[in-house]
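Listed below are the residues making up each chain.
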Amino acid sequence: MVDSMDAIIEANKRQTPPARPGPMEFGVMSVSDVTKDPVSGYVPSEAERLQATMKQALTAEQAGFDVFAIGEHHNPPFWSSSPTTFLAAVAAQTKRITLSTSTSLITTNDPVNLAEQYAVLQHVAGGRVDLMLGRGNTAPVYPWFGKDIRQGLPLALENYNLLHRLWHEDVVDWSGKFRTALQGFTSIPRPLDDVPPFVWHGSIRTPEIAEQAAYYGNGFFANGIFWPVDHFRRLVALYRNRFVHWGHGSEQQAVVGLGAQVFISKHSQDALDGFRPYFDFSPVYRGGPSLETMVEQTPLMVGSPQQVIDRVLEQREVYGDYARQMFLVDHGGLPADMVERQLDLLGEYVLPVLRRELSEIRDPKAVATPSHQDMVKARYGDQEVRQPKPNENRGDNVTGTSPYTDSNPEQRVELPKVY
């Protein structure tokens, strides 16, 4: 059992880096907002928006994207309060695409619940799952779940420390500041093949989150929507530097992801004209700099296929080779048919060109996002893969020893006393 940060550091240094050299992934993400179309004036119902997002996920696979991600929200005007439920439904209707989040709330979700929910999803999806953890940007969600927003950053750090242990240890004894202690606790089911999903730590502004991602050798996702490029350059550089510091490998082995909102048309002026009413109406953009200024200074990509291609290649020049590019295509009231058209255009005119051009210029040592198979290989090599099997039911299921048949029979599990 890992019982100190020093032990975690040493264990991390001994791990084989799961990331392998490979191509960049391209994905689609949604934040699930239910917003009036400012052009038609139509407001979709939650049911319409949910079903449209489901279709969007299926279209993303058909269009050749590698990843689909959904956010987590607990307030109107959003619908995605249960990402695992939605992603399980997507998993049942897809074969290839990786399913992820954008983001899962590490602050207001209990780490035990996260460990169990995403392990079940991982099994359901046959390993096609990773998740991005973040704090979110909705202040009232904290008291709704009994948390104090003033403790948001310490909550995020402590909760992931616990989640990491729950996924890497069969039996956990733990105490912290923000939840009741655990004694002799086993998170069930164990992750698929006893290998947890790959974890991204998403951040817009917080260097401590970049540090935590580097500390564990996880991925860092610079959710670059709405903020200047130079801000994220510094965060990514910090993450890469600290990834090396904590002994996980070179800066090229650090797993970096980026996000950008995209609106595409065959002709650049049509793209600007088509997106402008959605930009002007957006609660995120309105009242701020102009559309042209945001396109110039932030990762917002509005233009022709070639302009979007050029912008992605420019990001490589800013951040170096990175592992995952996510596109937000449905935010701000865009109607479902327009979103579907965006996916088709990106899949037909942008992704093939980017993959071809990147294959010629990408550093051969630049890493891909680790798949489940990559992480299984990194852990086991050619050895047999562990398949946890519980000991027989003893009535209360938690008495005495470690609960799995392949555990050390001498290991005792000290359970809390009930008075």
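For clarity, every value in this text was computed on a predicted model and none was experimentally measured.

Cut-off values and rules
- Residues numbered from 1 in each chain as written.
- Predicted model: local features only at pLDDT ≥ 70, side-chain atom pairs only at ≥ 80, totals over all residues.
- Heavy atoms only, no water.
- Buried < 20%, exposed > 50% of the residue type's maximum accessible area, 1.4 Å probe, protein only.
- Helix = DSSP H or I, 4+ residues; strand = E, 2+ residues; numbered from the N terminus.
- Pairing = 2+ DSSP bridges.
- Right-handed = clockwise from strand over helix to strand, strands pointing away.
- Contact = heavy atoms within 4.5 Å.
- Axes fitted to C-alpha atoms, helices over the stretch in contact; angles between N-to-C directions.
- Parallel < 35°, antiparallel > 145°, perpendicular 65-115°, else oblique.
- Left-handed = near helix turned anticlockwise from the far one by under 90°.
- Nonpolar A, V, L, I, M, F, W, Y, C, P; charged D, E, K, R; others polar.
- Phe/Tyr/Trp six-rings, centres within 6.5 Å; stacked < 30°, edge-to-face > 60°.
- Salt bridge = Lys/Arg side-chain N within 4 Å of Asp/Glu carboxyl O.

**Some points on the pairing of strand 2 (residues 67-70)**
Going residue by residue along strand 2, you find Val67 and Ala69 tucked away on one face and Phe68 and Ile70 tucked away on the opposite face as well. As judged from the four bridges shared by strand 1 (residues 25-30) and strand 2, these two strands associate in the parallel manner. The partner of Gly27 across the bridge, within strand 2, is Val67. Chirality of the crossover, the property in question, places the unit of strand 1, helix 2 (residues 46-62) and strand 2 among those that are right-handed. Relative to strand 3 (residues 98-101), strand 2 runs parallel, the two being bridged by four bridges. Residue pairing in the sheet places Ala69 in a bridge with Ser100 of strand 3. On the question of chirality, the crossover connecting strand 2 to the parallel strand 3 by way of helix 3 (residues 83-93) is right-handed.

**Quick look at the side chain of Thr103**
Assignment of secondary structure puts Thr103 in the loop between strand 3 and strand 4 (104-105). Given the relative accessible area of 12%, Thr103 is considered buried. With near-sequence residues (within four places) excluded, Thr103 lies in contact with Gly71, Glu72, Met132, Leu133 and Gly134.

**Considerations on the environment of His231**
Within the secondary structure layout, His231 lies in helix 8 (residues 229-245). Distance in space between the C-alpha atoms of His231 and Thr298 is 9.7 Å, their sequence separation being 67 residues. Ignoring anything within four residues of it in the chain, the contact list for His231 reads Ile204 and Arg205.

**Re the packing of helix 6 (residues 152-168) against helix 7 (residues 207-216)**
What describes two packed helices is the angle between their axes and the distance between those same axes. Two elements in contact, helix 6 and helix 7, have axes whose closest approach is 11 Å; the angle formed by their N-to-C orientations is 15 degrees. The orientation of helix 6 with respect to helix 7, classified from their angle, is roughly parallel. When the axes of helix 6 and helix 7 are compared, the crossing they make is right-handed. For the pair helix 6 and helix 7, contact is made by Leu153, Ala156, Leu157, Tyr160, Asn161 and His164 and by Glu208, Ile209, Gln212 and Tyr216, respectively. The residue inventory of the contact of helix 6 with helix 7, partitioned by class, reads six nonpolar, three polar and one charged.

**Examining the packing of aromatic side chains**
The final tally for this structure, using the stated rule, is 12 aromatic pairs. Ring plane angle 90 degrees and centroid distance 5.5 Å describe the contact between Phe198 and Trp200, whose orientation is recorded as edge-to-face. For Trp200, a relative accessible area of 1% gives the class buried. Consider the rings of Trp200 and Phe221, whose centres lie 6.2 Å apart with planes at 85 degrees: the pair is edge-to-face. Remark: Phe221 occurs in strand 9 (residues 219-222) and Trp200 occurs in strand 8 (residues 198-203); sequence separation between them is 21 residues. The same class applies to Trp200 and to Phe221, which are both buried. Each residue in the set Tyr160, Tyr215, Tyr216 and Trp246 is aromatic and connected to the rest through ring pairs, giving one cluster.

**Quick look at the pattern of salt bridges**
According to the stated counting rule, one finds 22 salt bridges in the structure shown. A salt bridge links Arg233 to Asp230, with the nearest nitrogen and oxygen atoms 2.5 Å apart. Taken together, the residues span about one helical turn, with Arg233 and Asp230 both in helix 8 at a distance of three residues. The partly exposed category is assigned to Arg233, whose relative accessible area is 37%. Exposure remark for Asp230: the relative accessible area of 42% places this residue in the partly exposed category. A salt bridge links Asp406 to Arg386; the shortest N-O distance between them is 2.7 Å. Highlighted residues: Asp406 in the segment after helix 13 (372-380) and Arg386 in the segment after helix 13, separated in sequence by 20 residues. The network of salt bridges with shared partners includes Asp170, Arg190, Asp194, Arg379, Arg386 and Asp406.

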